[in-house]
Amino acid sequence: MYLVVGLGNPGRQYEATRHNMGFDTIDCLVEKYNVPQSGVKFNAMYGKTVMGGEKVILMKPLSFMNLSGGPVRDMANFFKIDPEKELIVIYDDIDLNPGQIRIRKQGSAGGHNGIKDIIRQLGTDKFLRIKIGVGSKPAGWDLADYVLGRFSTQERKIVDEAIEKAAQAVDVMISQGPDAAMNEYNRKAGTALTAKQ
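Residues numbered from 1 in each chain as written. Predicted model: local features only at pLDDT ≥ 70, side-chain atom pairs only at ≥ 80, totals over all residues. Heavy atoms only, no water.

## Focus: helix α1 (residues 21-33)
If you check α1, its first and last C-alpha atoms are 18 Å apart, about what 13 residues at 1.5 Å a residue would give, namely 18 Å. The complete set of buried residues in α1 reads M21, G22, F23, D24, T25, I26, C28 and L29. Directly beyond the C-terminal end of α1, a positive phi value near 50 degrees is found at N34. (Helix = DSSP H or I, 4+ residues; strand = E, 2+ residues; numbered from the N terminus. Expected span 1.5 Å × (residues − 1). Buried < 20%, exposed > 50% of the residue type's maximum accessible area, 1.4 Å probe, protein only.)

Here it is in structure tokens:
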């Protein structure tokens, strides 16, 4: 069984913001696989489906970004998920250009508070992750204002394509393994940037 977690902030005021790439990818998977919502457990919305012959739980923490770790830990414990092999976390990354995705098997939080809290609560940084680029903040901008802001129309189109690719990458990671997904999607990470001026 896999636990696929998309990070974001709940509430209409945060919809379509840079910080909600994880939520948007879970929504894409829910639509793609017609996943019914199972309800709310451990302060998270979740639903169950099957991907690549494996049982999968799709999850959106409702704790706000900086406290994502508690719901992830509790859900993983309840469903007996091995974080190092069966947890996939999807989130935004300011170090990648809009439209890039990057798959990793482990690593530091890289300044991302949601990932920082998950690492703290799980006691390990060894878990699968899909990072979706949102671009670096302009000089003089406050980071919180930037990640809670929205994309330009042109960037939004590129990012929506990246969200679709991230959803496809989840399927590949589960059905073929993380190495296959890394070979497929990390290699192609820059192709979506051609539309960017």
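Read on, since the account is not over.
## Focus: the side chain of D93
Among the structural elements, D93 can be located in strand β5 (residues 87-93). Other than its neighbours up to four places away in sequence, D93 contacts K131, I132, G133, V134 and G135. (Contact = heavy atoms within 4.5 Å.)

## Examining the packing of helix α2 (residues 69-78) against helix α4 (residues 113-122)
Two packed helices can be described by the angle between their axes and the distance between those axes. Relative orientation of the contacting elements α2 and α4 amounts to 45 degrees, with a least axis distance of 8 Å. With respect to their mutual orientation, α2 and α4 come out oblique. For the pair α2 and α4, the crossing hand works out as right-handed. Residues G69, G70, V72 and R73 of α2 pack against D117, I118, Q121 and L122 of α4. Its residues assigned to classes, the contact of α2 with α4 shows three nonpolar, three polar and two charged. (Axes fitted to C-alpha atoms, helices over the stretch in contact; angles between N-to-C directions. Parallel < 35°, antiparallel > 145°, perpendicular 65-115°, else oblique. Left-handed = near helix turned anticlockwise from the far one by under 90°. Nonpolar A, V, L, I, M, F, W, Y, C, P; charged D, E, K, R; others polar.)

## Overview of the layout of surface pockets
Approximately 480 Å³ is the volume attributed to the largest pocket. H19, G111, H112, N113 and L143 are the residues nearest the centre of the largest pocket, which is lined by 24 residues in total. Where the lining of the largest pocket is concerned, the elements lending two or more residues are β5, β6 (101-104), β7 (128-133) and α5 (143-147). Here the lining of the largest pocket is composed, by residue class, of nine nonpolar, eight polar and seven charged. (1 Å grid on protein atoms, 1.4 Å probe; cavity = no way out; pocket = protein on both sides within 12 Å on 5 of 7 lines; lining within 4 Å. Points joined across faces, edges and corners; volume = space filled by probe spheres on them.)

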